[in-house]
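# An overview of the molecular structure
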Amino acid sequence: MTDSASSHAFHRDHGTLFVEGVSAADLAAQFGTPLYVYSRAALSAAWHAYADACAGRRAKVHVAVKANSNLAVLNVFAREGAGFDIVSAGELARVLAAGGKAADVVFSGVGKTAREMREALEAGVKCFNVESIPELDRLNDVAGQLGMRAPVSLRVNPDVDPKTHPYISTGLKANKFGVAFDEARATYRAAAAMPHLEVVGIDCHIGSQITEISPYLDAIDKVLELVDQIEADGTSIRHIDVGGGLGIRYDDETPPDIGEFVRTVLDRIDAHSAKTGKAREVYFEPGRSLVGNAGLLLTTVEFLKPGAEKNFAIVDAAMNDLARPAMYDAYHAIEPVAERAAPAQTYDVVGPVCESGDWLGRARTLAIEAGDVLAIRSAGAYGFVMSSNYNTRARAAEILVDGTRVHVAREREDVAQLFAGERVLPD
Ligand code: LLP
């Protein structure tokens, strides 16, 4: 994990891990573990990498809320003037509570309910990214009932291979997402004919943790081909949304620099605009590349358990806190917050949940003892947001560090909260 912004925010001083000006060990001692910790400087640096590359161009960045929806984190971006990409009415409520504006929100997702559509229309979101004809029909009905016209963009499926994990690639024909490329033109005609819809744009999102620019350019070329056809049919396309998906460094990946990625995408679309004489706004929907390396998960070693084939380090965080290893076989770097002189051994780092799939790291060489605090790196994206209460485990607290200031972004849950809504049977 060595993205430049995050390596400033997370650094070592005399062998001790710091998050900006605060020692990770002190945070663990004060707030307990498991504990998610985010760096405001790292969040802002990633934001500025996007925003600076967009400056002076017709481009807007919409933070994908699903990657990290904590109000304090969203608030950091809202203060910078970010737009937001949401996939539920719940995420819309979070954006508004965090100081974001509905007019800067794009609403993605393959299964929006009528109620969610109504709430988003009433709030005044900027655009619905629609994925099918039945969804267009539903949105047209809901907008009609409200006496409104809903701004829409169709998410088209460009059928390109993003070369990432199959669970997080979304732009292939076999995926549930988007309107098939071959049906997109006809679907745009259908949308243009619906009285309560106003076609404003086109979008695609080809996957996540993409570490090369070329799949984006392939997708954009296909989208631009469609734009020409749709405009030939008399519908004008004001914006092109290229989705999110830019990868980060978890281990030894070498994703493109954010600025280079943004400029390459904008140049490709601008070249088409110059040719056709039509300038269009470009939207980005990054999640992971904004928040992933701005966060870590602190956990305490409960026991070291030597085994015949393997040694286990049993820690107090588990698959319910960080699902990515169990779910995607994902790698997260793991390191002790304080270096010690103990002999290093190879461990599988596992949680206390009753599942063999409950692991956080495999075959890691660590010099540790029971009671040590470990940092699981790159946990700012799809970390806390994917956590659950499995095994009736209360979810971790979240802390946002800003210089030497420590802000409790979310309190640790307690067990009583977990079943507060449940009832035993009446007599
Ligand atoms: N826009 C749309 C329509 C999306 O579906 C997603 C992510 C994004 C933007 C943001 O993508 P990002 O920049 O974060 O790659 N839970 C998985 C990742 C799922 C991504 C889902 N869609 C993981 O932990 O790797």
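Residues numbered from 1 in each chain as written. Predicted model: local features only at pLDDT ≥ 70, side-chain atom pairs only at ≥ 80, totals over all residues. Heavy atoms only, no water.

The protein chain is annotated in an unreviewed UniProt entry as Diaminopimelate decarboxylase of Paraburkholderia acidisoli. Check the Function (unreviewed entry) section of the UniProt entry for the protein chain; it says "Specifically catalyzes the decarboxylation of meso-diaminopimelate (meso-DAP) to L-lysine." In its Sequence similarities (unreviewed entry) section, UniProt records this for the protein chain: "Belongs to the Orn/Lys/Arg decarboxylase class-II family. LysA subfamily." (UniProt positions renumbered as here; feature names shortened; annotations may be inferred.)

By nearness alone, 17 residues border the ligand, and Ser 208, Glu 285, Arg 324, Tyr 328 and Tyr 382 come closest of all. Contact between the ligand and Gly 245: an oxygen atom at 2.8 Å from a main-chain N or O atom of the residue. Here an oxygen atom of the ligand sits 2.8 Å away from a polar atom, N or O, in the main chain of Gly 287. The residue inventory of the shell around the ligand, partitioned by class, reads 6 nonpolar, 5 polar and 6 charged. When residues of the shell around the ligand are assigned to domains, at least three map to each of domain 1 (4-39 + 292-418) and domain 2 (108-286). (Near = heavy atom within 4 Å. Polar contact = N/O pair within 3.5 Å; in protein donor to acceptor, adjacent residues only side chain to side chain. Nonpolar A, V, L, I, M, F, W, Y, C, P; charged D, E, K, R; others polar. Domains from an automatic or database assignment.)

In contact at an axis separation of 11 Å, helix H9 (residues 214-232) and helix H10 (residues 258-276) are set at 25° when each is read in the N-to-C sense. Compared by their axis directions, H9 and H10 come out roughly parallel. Where H9 crosses over H10, the two elements pack in a sense that is right-handed. The segment H9 lies against H10, with Tyr 216, Leu 217, Ile 220, Asp 221, Leu 224, Val 227 and Asp 228 engaging Phe 261, Thr 264, Val 265, Arg 268, Ile 269, His 272 and Thr 276. Tallied by class, the residues present in the contact of H9 with H10 amount to 8 nonpolar, 3 polar and 3 charged. (Axes fitted to C-alpha atoms, helices over the stretch in contact; angles between N-to-C directions. Helix = DSSP H or I, 4+ residues; strand = E, 2+ residues; numbered from the N terminus. Parallel < 35°, antiparallel > 145°, perpendicular 65-115°, else oblique. Left-handed = near helix turned anticlockwise from the far one by under 90°. Contact = heavy atoms within 4.5 Å.)

Summed over all chains, the structure comprises 7 aromatic pairs. Relative to Phe 284, the ring of Phe 261 has its centre 6.0 Å away and its plane inclined at 65°; by these criteria the two rings are edge-to-face. Of this pair, Phe 261 sits in helix H10 while Phe 284 is found in strand E13 (residues 281-284), placing the two residues 23 residues apart along the sequence. When sorted by exposure, Phe 261 lands in the same class as Phe 284, which is buried. Through successive ring pairs, a cluster of aromatic residues spans Tyr 50, Tyr 216, Phe 261 and Phe 284. If you follow Lys 222 out to its NZ or CZ, it ends over the ring of Phe 181, 4.5 Å from the centre. Above the ring of Trp 359, the side-chain terminus of Arg 362 is found at 4.0 Å from the ring centroid. (Phe/Tyr/Trp six-rings, centres within 6.5 Å; stacked < 30°, edge-to-face > 60°. Buried < 20%, exposed > 50% of the residue type's maximum accessible area, 1.4 Å probe, protein only. Lys NZ or Arg CZ within 6 Å of the ring centre and 35° of its normal.)

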